[in-house]
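Notes for the structure review
If you want the building blocks of each chain, they are given just below.
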Amino acid sequence: MLKKAEKLAGVEHISGRGFHGVKRRVVTELMDEFGGDASAVGSITGNIESSLLEKTYRQHEDGVRIVAAKALEARRKSKSTNNPQK
């Protein structure tokens, strides 16, 4: 399925890229479960440094949520503009 999406988006396929999303999701869920304890999550997930978890994963996830919310709002506005109810 990822290959189809890459083709539609005109993005070159990179082997193993799909795993990154899975890893990010697992780390994010663990960060939530352990109350943001990056040290605990790092020990569970293996070689991920806690400083990386604190600086990158959590902040990035928050940023993704903001961008997604803005994109959904823009989509709703676009749909209401293109399909006004009579």
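Each remark here, short or long, concerns the structure printed above.
Everything in this summary refers to the structure shown in the same document. Since this is a predicted model, take the numbers as computed values, not measurements. Each chain carries its own residue numbering, running from 1 in the direction its sequence is written. The model is predicted, so local features are restricted to residues of pLDDT at least 70 and side-chain atom pairs to those at 80 or more, both for listing and for counting; the totals for chains, interfaces and linings are taken over all residues. Neither water nor hydrogens contribute to the side-chain values; these are computed over all heavy atoms in the structure.

Some remarks on the nonpolar core
Here, the term nonpolar core denotes a set of buried Ala, Val, Leu, Ile, Met, Phe, Trp, Tyr and Cys residues that are joined through side-chain atoms within 4.5 Å. Exposure categories follow from relative accessible area, calculated using a 1.4 Å probe and restricted to protein chains: below 20% of the type maximum is buried, above 50% is exposed, and the middle band is partly exposed. Core analysis: the biggest nonpolar cluster contains six residues, these being V27, L30, M31, A38, V41 and L53. Of all the secondary structure elements, the ones that give two or more residues to this core are α2 (17-33) and α3 (38-45). Note on conventions: DSSP H or I runs of at least 4 residues are helices, E runs of at least 2 residues are strands, and numbering of each starts at the N terminus. Here this core takes three residues from α2, the largest share from any one element.

Quick look at the pattern of salt bridges
For this document, the term salt bridge refers to a Lys or Arg side-chain nitrogen within 4 Å of an Asp or Glu carboxyl oxygen. Evaluated as defined, the whole model comprises two salt bridges. The partner of R25 in a salt bridge is E29, with the nearest N and O atoms 2.4 Å apart. Within this pair, R25 and its partner E29 are both found in helix α2, separated by four residues, close to a single helical turn. According to the relative accessible area criterion, R25 is partly exposed, its value standing at 40%. In this structure, E73 and R76 form a salt bridge, with 3.6 Å as the shortest nitrogen-oxygen distance. Taken together, the residues span about one helical turn, with E73 and R76 both in helix α4 (residues 50-82) at a distance of three residues. Taking the relative accessible area as the measure of exposure, E73 reaches 36% and is therefore partly exposed.

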